[in-house]
Amino acid sequence: MGFPHFIARRILSDTDRQQRLSRPIVLIAVLGIVIGMAVMIITVGISSGFQREIRSKVVGAGSHIQVVSIGQNDPKETPRVLIDPELKTQLLAIPGVRHVQIHATKPGIIETAEEIEGVVVKGVGADFDWAFWNAHIVEGTAIDPLDSASTPGVLLSRYLAKRLAIGVSDTITIYLVKGREDIRPRKFAVKGLYETGLEKIDHQLVFIGIGVMQRFAQWGLRAEILVTDTLIGRASMLRVEGLAFGGDHLYNYEWPLSSLKGKGPHYIDPQLLHVLGKITLVVSDESGTLPDTAWVRVTPQEPRHIIDSWGQYTSFSGIDVERGGTGGTYDKYCGGYEVAIDDLDRLSEIDDAVYQALPQGLRTVTVKQRFGEIFAWLNLLDTNVVVVIALMVIVAIINMTSALLIIILERTNMIGVLKALGSSNGAIRRIFLIDAAYILGFGIVLGDLLGIGLCGLQHFFGIVRLPIESYYVDQVPVHLDPMAILALNVGTLAVCVAALVLPSWLVTRIAPARAIRFD
């Protein structure tokens with residue numbers, strides 16, 4: 001143990017200190033450090049908790065990155081995007097990308113017997129990650145995107161349920177809006193209620209299976225062949241007409257392996273059926289939508305080959321029709337992709353990588369762009385933390401400066417004796433700086449215990465509650481990072497001791513001859 005350290009410890013353990021003036025001053029300084037340290041830990045814990053909780057909610061509600069059509073100009077409605085398995089594989093291969101899922105959104109209106117409410121309807125597929133939403137479902141369960149029931153399920157917020165006076169298992173009507181004039185109703189069964197605390201989400205977002213959305217939006221094409229039997233003169237003929245749905249409504253009709261052209265109707269001699277085999281129709285449109293194929297195989301009932309004065313012809317009592325085809329290309333389109341990543345701090349880096357992997361016609365939108373006001377608010381929390389820490393450190397410096405000056409004045413005789421015995425000013429200053437470091441360390445440890453204890457009580461028991469509609473959470477969230485606490489301790493000790501170097505210069509102003517006679 002060095003000489004300054006030895007003297008410093010003897011000063012702190014002095015039994016006569018109980019009667020000295022410095023004792024209450026030091027106690028006040030320690031108390032100030034304890035309170036200041038506890039305030040800093042609580043501030044950092046609450047700020048970190050708020051940021052973690054709210055960021056997880058914002059990201060969970062819509063993923064870190066959304067891949068959408070470059071033509072999207074309404075955040076409530078996603079234009080169609082071709083589902084590309086190869087693109088999904090490429091995105092998953094990007095380092096830092098955790099999950100990729102399809103989605104689609106459309107404006108909608110919920111109608112009950114008494115109320116109506118405008119909402120944003122989100123269609124989700126079988127690849128949707130329900131982890132976040134399952135944690136925030138307060139009643140019922142999540143929907144099954146593959147549900148093929150006549151009344152599919154819907155998941156909506158508890159806010160909307162209260163506003164519309166509905167509950168789990170109730171049936172509601174949702175009008176999906178396509179353009180200004182195309183509004184179509186559909187019945188849904190309420191499967192569950194969620195609550196995130198994010199007003200932008202709870203007040204408008206409802207979930208349905210993406211299959212319902214795909215069929216409603218008619219992003220793909222569906223081909224059908226209308227077949228009837230008819231008489232032309234005394235001969236039975238087949239009347240064939242092409243039908244098309246979806247796409248841009250500017251249809252092209254092709255009849256492979258036949259001479260038929262256009263939509264029709266076309267009249268076919270049943271004697272040609274054995275040559276045609278089955279009648280096939282391929283429908284495409286002008287905007288390049290994936291084409292759809294339909295086919296029919298026709299079997300005449302009770303066919304009769306007749307030769308009379310009218311000539312030769314075939315007559316039958318009816319037809320049997322077998323149908324098939326690809327069933328439409330609606331399921332080949334979605335509203336875009338949602339990309340979840342491992343680290344929010346790498347958002348910009350991964351967003352650039354995702355954008356570079358996209359084909360022409362697609363763009364990315366990050367969570368910070370979609371919820372800019374929330375992230376701006378979170379950045380203000382960081383500013384508040386810096387201000388609080390700076391104020392607490394300044395208070396600690398002022399308290400310790402006062403305590404150090406009192407201790408130096410009380411030990412004036414000792415300083416004079418040490419100087420008379422040959423001690424340097426530097427060695428004597430180190431004595432008092434070591435004393436100050438011990439006092440600071442004691443206060444910091446007690447402050448750690450107080451701050452961590454209060455944070456623990458809040459974390460486990462949620463003593464302090466908040467209005468969820470204003471703060472997005474129903475209780476003050478707390479997250480303590482051991483490295484952050486260590487940095488606070490080391491930083492506070494280092495800054496305060498460094499700030500006390502200047503007051504310790506008072507030692508150099510004390511003359512030995514006067515100091516020994518000092519009373």
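Preceding this paragraph is the structure being described.
Below is a short write-up of the structure. (Residues numbered from 1 in each chain as written. Predicted model: local features only at pLDDT ≥ 70, side-chain atom pairs only at ≥ 80, totals over all residues. Heavy atoms only, no water.)

**Considerations on the pattern of salt bridges**
Piece 1. Taken as a whole and judged by the stated rule, the model has 13 salt bridges.
Piece 2. A salt bridge links Arg98 to Asp129, with the shortest nitrogen-to-oxygen separation between them at 3.9 Å. Placement of Arg98 in strand E3 (residues 97–111) and of Asp129 in the loop between strand E4 (116–124) and helix H4 (131–136) is noted, with a sequence separation of 31 residues between them.
Piece 3. A salt bridge links Arg465 to Asp474, with the shortest nitrogen-to-oxygen separation between them at 3.7 Å.
Piece 4. Given a relative accessible area of 49%, Arg465 falls into the partly exposed group. (Salt bridge = Lys/Arg side-chain N within 4 Å of Asp/Glu carboxyl O. Helix = DSSP H or I, 4+ residues; strand = E, 2+ residues; numbered from the N terminus. Buried < 20%, exposed > 50% of the residue type's maximum accessible area, 1.4 Å probe, protein only.)

**Observations regarding the layout of surface pockets**
Piece 1. Taken as a whole, the largest pocket spans an internal volume of roughly 520 Å³.
Piece 2. What lines the largest pocket is a set of 23 residues, among which Gln66, Pro75, Lys76, Lys200 and Arg370 lie closest to the centre.
Piece 3. Elements represented by at least two residues in the lining of the largest pocket include exactly helix H2 (22–62), strand E1 (65–69), E3, E4, helix H6 (199–202) and strand E21 (362–366).
Piece 4. Looking at side-chain class alone, the lining of the largest pocket contains eight nonpolar, eight polar and seven charged residues.
Piece 5. Size it by volume and the second largest pocket reaches roughly 380 Å³.
Piece 6. Along the walls of the second largest pocket sit 19 residues, with Glu53, Lys57, Val473, Asp474 and Pro477 positioned nearest its centre.
Piece 7. Examining the composition of the lining of the second largest pocket, we find that four residues originate from one element, H2, more than from any other.
Piece 8. Partitioned by chemical class, the residues of the lining of the second largest pocket number seven nonpolar, seven polar and five charged. (1 Å grid on protein atoms, 1.4 Å probe; cavity = no way out; pocket = protein on both sides within 12 Å on 5 of 7 lines; lining within 4 Å. Points joined across faces, edges and corners; volume = space filled by probe spheres on them. Nonpolar A, V, L, I, M, F, W, Y, C, P; charged D, E, K, R; others polar.)

**What about a nonpolar patch on the surface?**
Piece 1. Taken together, the side chains of Leu450, Leu454, Leu457, Phe460, Phe461, Ile463 and Val464 define a hydrophobic patch exposed on the protein surface, amounting to about 730 Å² of accessible area.
Piece 2. Take Phe461: it is sitting in helix H13 (residues 425–461).
Piece 3. The exposure class assigned to Phe461 is exposed, which follows from its relative accessible area of 63%. (Patch = residues over 30% accessible without salt bridge, like charges linked within 9 Å, V, L, I, M, F, W, Y side chains within 5 Å. Areas by Shrake-Rupley, 256 points an atom, 1.4 Å probe, with all protein chains shown as cover.)

**Points about the packing of helix H12 (residues 412–420) against H13**
Piece 1. One way to put it is that H12 packs onto H13 with a least axis distance of 10 Å and a crossing angle of 145°. The two elements H12 and H13 cross, and the hand of that crossing is right-handed. Across from Met414, Ile415, Leu418 and Lys419 in H12, the residues of H13 making contact are Asn425, Ile428, Ile431 and Phe432.
Piece 2. Taken together, the residues that form the contact of H12 with H13 break down as six nonpolar, one polar and one charged. (Axes fitted to C-alpha atoms, helices over the stretch in contact; angles between N-to-C directions. Left-handed = near helix turned anticlockwise from the far one by under 90°. Contact = heavy atoms within 4.5 Å.)

**Side note on the packing of aromatic side chains**
Piece 1. Applying the stated criterion across every chain yields a total of nine aromatic pairs.
Piece 2. Taking 6.0 Å as the distance between ring centres and 80° as the angle between the ring planes, the aromatic pair formed by Phe50 and Trp377 counts as edge-to-face. Here Trp377 lies in helix H11 (residues 372–410) and Phe50 lies in helix H2, a separation of 327 residues in the sequence.
Piece 3. With 4.9 Å between their ring centres and 80° between their planes, Trp133 and Tyr194 make a pair best called edge-to-face. One end of the pair, Trp133, is in helix H4; the other, Tyr194, is in strand E8 (residues 182–194), with 61 residues separating them in the sequence.
Piece 4. Overall, the relative accessible area of 0% leaves Tyr194 in the buried class.
Piece 5. Connected via pairs of aromatic rings, a cluster forms that spans Phe128, Trp130, Phe132, Trp133, Tyr194 and Phe207.
Piece 6. The side chain of Lys278 reaches across the aromatic face of Trp295, ending 4.5 Å from its centre. (Phe/Tyr/Trp six-rings, centres within 6.5 Å; stacked < 30°, edge-to-face > 60°. Lys NZ or Arg CZ within 6 Å of the ring centre and 35° of its normal.)

**Examining the pairing of strand E12 (residues 251–254)**
Piece 1. Burial of E12 is one-sided: the residues Tyr251 and Tyr253 facing one way are buried, the residues Asn252 and Glu254 facing the other way are not.
Piece 2. The pairing of E12 with strand E14 (residues 279–285) spans four bridges and is classified as antiparallel. Paired with Glu254 across the two strands is Val282, which belongs to E14. (Pairing = 2+ DSSP bridges.)

**Considerations on unusual backbone geometry**
Piece 1. A cis amide bond, omega 10°, links Gly264 with the succeeding residue Pro265.
Piece 2. Here Pro265 shows up in the loop between E12 and strand E13 (266–268).
Piece 3. Although it is not a glycine, Ala165 sits at a positive phi angle of roughly 60°.
Piece 4. Counting through the fold element by element, Ala165 comes out in the loop between helix H5 (158–164) and strand E7 (171–178).

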